[in-house]
Amino acid sequence: MTTKKKYILAAGAFVLLLTYLSLYSVRETEFALVTQFGRPVRTVANAGLHVKWPFQSILWFDRRLRIYNPRPSEFLTRDKKNLVIENYVAWRIDDPNRFVQSVGDTSAAEMRLHDIIWSGLSAALGTQDQESLVSATPDKAQAAPRLDALTATADRAALAQYGIRIVDVRIKRLNLPEQNKQSVFARMRAERERIALQYRAEGEQQALTIHASADRQKEEIISSAYKDAEKVRGKGDAEATRIYGQAYSKNPEFYKLLRTLDSYKKVLDDKTTIILSSDSELLKVLTRGEAGAK
Amino acid sequence: MSILLGPQPEVAAAVEISRPPAKRRKRRIWAWLLALWIVSGAYMVPADQQAVVTRFGAVVNPRVPPGIHYALPRPIDSVYKLKVHQLQRTVIGGEIPDAILGRTQPASSEFLSGDQNLLNVRVVAQYSVREPQDFLFRTADVERVVKTAVESELARRVARTPVDDILTTEKVAIQNDVLQSAQRALDSYQTGVTISSINIEDVTPPAEAADAFRGVAGARADAIRLVNEAEGYANDLIPRARGEAAQLAEQAQAYKEGKTNRAAGDAARFNAIAAEYAKAPKVTATRAYVEAMEQILPKTKKIIVDLNGNLDVTIVRRDHNAATNPNGDIQK
């Protein structure tokens, strides 16, 4: 190989190296911060191929949304009730320049976020009653708009100080303090027992109502049947009376005689002692002979 | 590199003379490598997937359908393939093995209901990729974001609902509400996913109060049993009463018929006798009287006295005593 050819090869290699050092590609997930001897000179947010001076270097920052999930902590509501609240923060890096100067890395960022959010959250929760977070009547639960306001103020602060965009702050989990739980369980048991009693009592009430209504219906049916039956009987009696009256009134003396004789048959039995006058109609013949029959 | 060298006749000639086949082979190898590199840009997207193509990191084709395609070879273009239709699962309030084994983990599954009861809730969310570009590049850990958003909405929804409703009637409503609001949150984060279902797999009261909750179920069963028994009683009683009423009506009807028939019979008899009586009143009356006496007097004790003499009442008493004395014989 000749010397000239060596020179040319060396020049080619140098050009390649310069090209390699001047070109860089930025992915969709990243920001590139171009620094010159450690001093940030510009932020590149557009993905694609870019050019820089070979002596400039690049810091990469993940621009994707991430979730910061601090440990649950106890907050005091306006009505002095304790709630254990676990919240989450959706955030991403928005200004790498500020971020690298004030924060540096993700775990440091999360510490800063914790400070901003915690104070904001305890202030926001301190202005509302427990009912607005936990309530059986849905209209009263209105914590969401308050946290929207908190998100907006925290976002402004974080953006100005740390170059971080806070996309959302929300409550992730609501719970009661550990030391309250035993009493809560006791209350739950008592509530259940009350409800069980109520079910039994309601069942009994319903059963008694059905029972009594059945008894009443029975009484109604029987008494109304009795009423109708007596009417029918009365009609029968009336009819019989009418028939008797009609028949007997044709010949009252004879009826009187027959009826009286019939009643004798019933009234006079073997315990009866009859003292008969020898002059009576029946015995006249006995005592007076044939003349008695006249 | 040989192309760069340019025209250098003497040297080239010398090289060609000394090693002409070697140089040609070298060129051919370079050409083959170049061709291979260019061809390596071809790629296939399987039927269940879609691809995103980026050039130097920037998206140039956000949605490549299944089939064979070509992109510029690495490192210029990159191809990201995604199983867009595949449903991905995530469990809130426990881990996937818990869901399979039916365990509950109090720490991660405890939710506070609107009436301040604690409940263990486990929910399974299923989601799929809707926007591959957002899914790939906007969020650091998509599964965690989905899980967090669903958990947050679930906690909020449960904290507005009384425990009885959560355990019984409100389940489906909770699932729908959580799905909608969590989807809204995920859209605002540009995660590029669609939640396809939220399913409450398990809602149980805490172990500390489980027996009391079972007691309520027992009480409800008891109440239903009592009511059923009462209904059984009613169902037995009322038909019986109707039967009894029918019986009363029939008896009354029978009484009426009997009474009128008897009256008619008696009347007919009387009329018949009365007709005869009219013909011979005196004789008939005497006959009736005497016949009646014949029937009555044999049964009774009789004392016949003469009206002209005085009646000694003591004989009646003596006779009466003898008759009622159980040891004495009855005298007639």
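Each remark here, short or long, concerns the structure printed above.
What this report covers is the structure whose coordinates are included nearby. For clarity, every value in this text was computed on a predicted model and none was experimentally measured.

## What about the overall build of chain A?
Of regular secondary structure, chain A possesses seven helices and 10 strands. Per-residue burial for chain A yields a buried fraction of 23% across its 294 residues. Sequence separation of 24 or more characterises 64% of the internal contacts of chain A that already satisfy a separation of 6 or more.

## Digging into the overall build of chain B
From N to C terminus, chain B includes 12 helices and 10 strands. Within the span of chain B, comprising 332 residues, buried residues form 26% of the whole. Across chain B, contacts joining residues at least 24 apart in sequence account for 68% of those joining residues at least 6 apart.

## Focus: the packing of helix α5 (residues 181–248) of chain A against helix α10 (residues 210–279) of chain B
Each packed pair of helices is defined by two parameters, the angle between the axes and the distance between the axes. Between α5(A) and α10(B), the shortest axis-to-axis distance is 8 Å and the interhelical angle comes to 5°. With respect to α10(B), the axis of α5(A) lies roughly parallel. Along the lines of polarity and charge, the residues of the contact of α5(A) with α10(B) split into 41 nonpolar, 11 polar and 23 charged.

## Focus on the sheet that holds strand β3 (residues 39–44) of chain A
Neighbouring strands of a sheet are bound in pairs by backbone hydrogen bonds; such pairs are parallel or else antiparallel. Residue and element names in this part refer to chain A. An order of β3-β2-β5 is seen for the three strands of this open sheet, with the pairing classed as antiparallel. Among the strands making up the open sheet, the edge pair consists of β3 and β5 (56–62). Pairwise comparison of adjacent strand axes, ignoring direction, gives a mean angle of 30° for this sheet. Both strand β2 (residues 30–36) and β3 contribute to a ladder of five bridges, which runs antiparallel. In the strand pairing of β3, Val34 is matched with Arg42.

## Brief notes about the interface of chain B and chain A
Each partner contributes residues to the interface: chain B has 91 residues there, and chain A has 93 residues. Take the side of chain B that touches chain A: its biggest share by element is 40 residues, from α10(B). Of the residues in the side of chain B that touches chain A, the class split is 52 nonpolar, 16 polar and 23 charged. Here five bridges tie strand β10 (residues 273–277) of chain A to strand β10 (residues 301–305) of chain B, and the two strands are oriented parallel to one another. Among the inter-strand pairings, Leu276(A) is bridged to a residue of β10(B), identified as Ile304(B).

## A word on the nonpolar core
Leu174(A), Val146(B), Val150(B), Leu154(B) and Leu186(B) are the most contacted members of the largest nonpolar core, which has 74 residues in total. When residues in this core are grouped by element, the largest group, eight residues, is from helix α7 (residues 142–158) of chain B. When neighbours within four sequence positions are excluded, Val150(B) is seen to be in contact with Ile92(B), Val123(B), Ala125(B), Val178(B), Ala182(B) and Ile198(B). Counting 14 residues, the second largest nonpolar core, distinct from the first, contains Met188(A), Tyr199(A), Ala223(B) and Leu226(B).

## Brief notes about the pairing of strand β7 (residues 73–76) of chain A
When β7(A) meets strand β8 (residues 82–93) of chain A, the two strands line up antiparallel, connected through four bridges. Opposite Phe75(A), over in β8(A), you have Leu83(A) as the bridge partner.

What counts and how
- Residues numbered from 1 in each chain as written.
- Chains lettered and ligands numbered in written order.
- Predicted model: local features only at pLDDT ≥ 70, side-chain atom pairs only at ≥ 80, totals over all residues.
- Helix = DSSP H or I, 4+ residues; strand = E, 2+ residues; numbered from the N terminus.
- Buried ≥ 20, exposed ≤ 12 C-beta atoms within 10 Å, placed from the backbone.
- Contact = placed C-beta atoms within 7 Å.
- Axes fitted to C-alpha atoms, helices over the stretch in contact; angles between N-to-C directions.
- Parallel < 35°, antiparallel > 145°, perpendicular 65-115°, else oblique.
- Nonpolar A, V, L, I, M, F, W, Y, C, P; charged D, E, K, R; others polar.
- Pairing = 2+ DSSP bridges.
- Core = buried A, V, L, I, M, F, W, Y, C linked by C-beta atoms within 7 Å.

Function cannot be read off these values alone, since they describe shape.
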